[in-house]
Amino acid sequence: MSYKPSQKRRDFLKTVGLGAGAAVAGATGGTLLPTGALPTLVKEAHAAKVSKLDEFYAQIGKYILLTPGKFTGTVAAHDLASGRTLAWLSGWNYGDTNPIMHHLAAFPSPDPYKGFEFIVNTQGGKNLFIYGIPTTVKEPGEGFKIYRVRYDGTKFNLVSDIAEKTGLGLGVHVTTTPDATGFAVADGQKDIFAEFDLASESVRAAFFIDWKPNNPDLKRAWVDGGTMTITRLKPTLPGGKYDYVGTKGTKIDWELVPGGELFLEENKVSGSRQTNTVALDAFVYDPRGRWGALSARLAGVAIIFDRQSWEPVIALPGAKGEPATLPVKKTGADTWEVKLDKVVTPAHQAGFSPDGKHFLFMNGVRQNNIMVWDTSNHGDPTKWTKKAVVEDPGWRGSYPNTFHMVFTPDARKVYVTLWWPSPTPNGIAVVDARNWKLLKSIDIGPDMHTLAITYDGKYVVGVFSGYQKTASGIVILETRTDEVLGILPSVGGHHDCVIVPKTLEDLRCSRCTTT
C-alpha cells in the first residue's frame, strides 16, 4: 500500500519548499527559482564553502577506523575521509549486561564502504572494577563474548556470538590470519588461546598454558623461574563445545592492566590460581603464514607455533642478556613444556614486520626496551637470532612501558606506544627499523593505546583513551615528517583500533602481524 501525505502535510511541504526557494532567491539577490534548480544550486553552494576541516579529512584518504568503546559497551566505525561515524553497535541491546568491548580485528573488503566484517570481543566479570571506575554494580555479568559483526553499508549487524557457539569465551587480543580465513583470540585470565575458522565459526586449535613456579612464594613465583606447560585443549561438552564460557576457567579476577605485570607478585590482583598465571596477551602471525607467536607476559617469553602441525616448536625469551631461544620439550601426545631458571623481566606486546624478516617483543617494567629477532629464516624458527635492542636513556624503571606497535608497509619504520599510568601524558616512539635506533618521541595524551596505519603508509592513527575518566581522542600522525597532523574527537575511551583492510597485502601491517 503506497503512502499519500494528508492535505495538511502537502500544504506544509509546499510552504517549506516555497520558504527554501525564497531563501535561496534572497541569498542570490534574484527572483524565486524553480524547485528543480535547488539541488544543483545547493550543491554548488556547498562546494564553494568547503571548509578547512573538510580538507583535513580529505587528505587522510578513504579509510574506515574501528574503535571498541571499552566501558561504554559500544563499537563504532569512523570514516576518516569525512569525520562521520558510519555505524555503531552496543552490546546492551543484545542482553549483554557487562559488554566491556576490548579488542578487535577486521577482514579485508575491496570496498569497506559497501560492507565488511570484523570480530570484537569483550571482557567480563570483575574487569568492570579495573581502575576504580565508579559503579553501583555488585555482581557484574560474566561477559567474555566474541562477537562477529557485519557492516552492510548502512549499519552494523551482530551476526553471532562465537564464544557461545564454541564454548570458548576469550577476552584479550584478536588477530586475523594472513589469508583472512580465520582469526585468533587469546585470554590472559584463563591463559587460553585459540584459532577459529571464520566460515564455519569452529575452533581449529586451542591451547591452555600453565605455570608451575620453582618458588611458591608469591613474591618470587616468577623471578625464580619455573616450568611452563602447554596443553592442547579438546571439546568436553556435547556438540563439540568447550567449557570456558563467561568467567569459567579464570585464574585471576581481572586482567593485568598495562604496566601491571608486577601486580600479581605484589598481591594486588586476586584469584584462585595466582601463582599459576602467565597472563597470555596475543597470538600474532608471521605474514608468510606458517608460524605464529604467543606472548606470555609474566614468563617474558613468546612461544612459536607451527600452524601446519599445530605444535609449539621454540620459545623466545625477550630479556636482554638472555639467549635467543629456549627449547620446547614434548612430554605427551598433546603436552609440551618450557623450563626457565629465572625470569629477568616480564614482556607484553609482540609483532612481526610486514616482510616477516623481524620479530619484536616489548620488555616492560624491569627492562624497558624492545628486543628484535632476525626471523628471515622462514623454514626453521629454531635458527632465529637476536639482532638488536631498541633502548633509550629515558626508558628507566617501570615507565614508560614500550607497548603497542605498527610498522609502515615498507617495513622501514615502526611506531611504538610509550605508556605511563593516567593522567601522565603518553607518547609515540618512532624507530628506524633498519638500524633499530630511536628517531624521536612525541607526547600525545593519557592512556595511549593501539596504533594503526593507513595502508598507503602516509598516516599513523592512534587512540588515547578516556576509559580512566580522562581525556581521549584519535591522533593522526604524518609519517613523512613524523609530526602530529591533528587530533580527532572520540568520546568514551578506547583500548584498541584497526583500519579496515582492503586486501590481503594490507593485513601485513594490520591487526594480524602486530598488536
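Quick caveat: nothing in here was measured; it's all calculated off a predicted structure.

Parameters and conventions
The residue numbering used here restarts from 1 in each chain and proceeds along that chain's sequence as written. In keeping with the model being predicted, local features are shown solely for residues with a pLDDT of at least 70 and side-chain atom pairs are shown and tallied solely at 80 or more, while totals for entire chains, interfaces and linings include all residues. Side-chain figures throughout are based on the complete set of non-hydrogen atoms in the structure, without hydrogens or water. What is meant by a nonpolar core is a set of buried Ala, Val, Leu, Ile, Met, Phe, Trp, Tyr and Cys residues, joined one to another through side-chain atoms within 4.5 Å. Think of it in three bands: residues with accessible area under 20% of the maximum for their type are buried, residues over 50% are exposed, and the middle band is partly exposed, with areas taken using a 1.4 Å probe on protein chains only. Should any heavy atoms of two residues lie within 4.5 Å, those residues are considered in contact. Only DSSP runs of H or I covering at least 4 residues are called helices, and only runs of E covering at least 2 are called strands; the numbering of each starts at the N terminus. Pairing between strands is defined by DSSP: at least two bridges between them are needed. Put simply, a salt bridge is a Lys or Arg side-chain nitrogen that is within 4 Å of an Asp or Glu carboxyl oxygen.

K.L.:
Describe the nonpolar core, listing the residues and the values that go with them.
P.N.:
Membership of the largest hydrophobic core comes to 59 residues, with the highest contact counts inside it found for Ile146, Leu168, Phe183, Phe193, Phe196, Met228 and Phe305. Setting aside residues no more than four positions away along its own chain, leucine 168 makes contact with Ile146, Ala163, Ile192, Ala194, Phe196, Val203, Ala206, Tyr242 and Tyr244. Judged by nonpolar contacts, the second largest core, of 30 residues, contains Leu80, Met448, Tyr455 and Phe464.

K.L.:
Residue-level account of the pairing of strand β16 (residues 311–317), with values.
P.N.:
Most of β16 is tucked away, with five of its seven residues classed as buried. As paired elements, strand β15 (residues 301–306) and β16 share six bridges and run antiparallel to each other. Considered in β16, the bridge of valine 301 is made with proline 317. Between β15 and β16, which pair antiparallel one after the other, the connecting turn spans four residues, and tryptophan 310 there sits at a positive phi close to 50 degrees. Strand direction decides the pairing type here: β16 and strand β17 (residues 326–327), joined by two bridges, are antiparallel. Across the sheet, the residue bridging to alanine 315 is leucine 326, located in β17.

K.L.:
Before we move on, can you summarise the sheet that holds strand β1 (residues 64–68) with the specific residues and values?
P.N.:
Pairing in this open sheet of four strands is antiparallel, and the strands run β3-β2-β1-β32 from one edge to the other. Two strands lie at the open edges of the sheet, namely β3 (85–90) and β32 (498–499), each paired on one side alone.

K.L.:
Any chance you could break down the pattern of salt bridges for me, citing the residues and the numbers?
P.N.:
In total, this model carries 35 salt bridges according to the counting rule given. With its nearest N and O atoms 2.8 Å apart, the salt bridge here joins lysine 251 to aspartate 191. Residue lysine 251 is found in the loop between β12 (226–232) and β13 (280–285), and its partner aspartate 191 is found in the loop between β9 (182–187) and β10 (192–197); the two are separated by 60 residues along the sequence. Among the salt bridges present, the one from arginine 220 reaches aspartate 224, with a minimum N-O distance of 2.8 Å. Among the residues examined, arginine 220 registers a relative accessible area of 38% and is labelled partly exposed. The class for aspartate 224 is partly exposed, based on a relative accessible area of 23%. Salt bridges here are not isolated pairs; linked through shared partners, they connect Glu117, Arg148, Arg150, Lys165 and Glu201.

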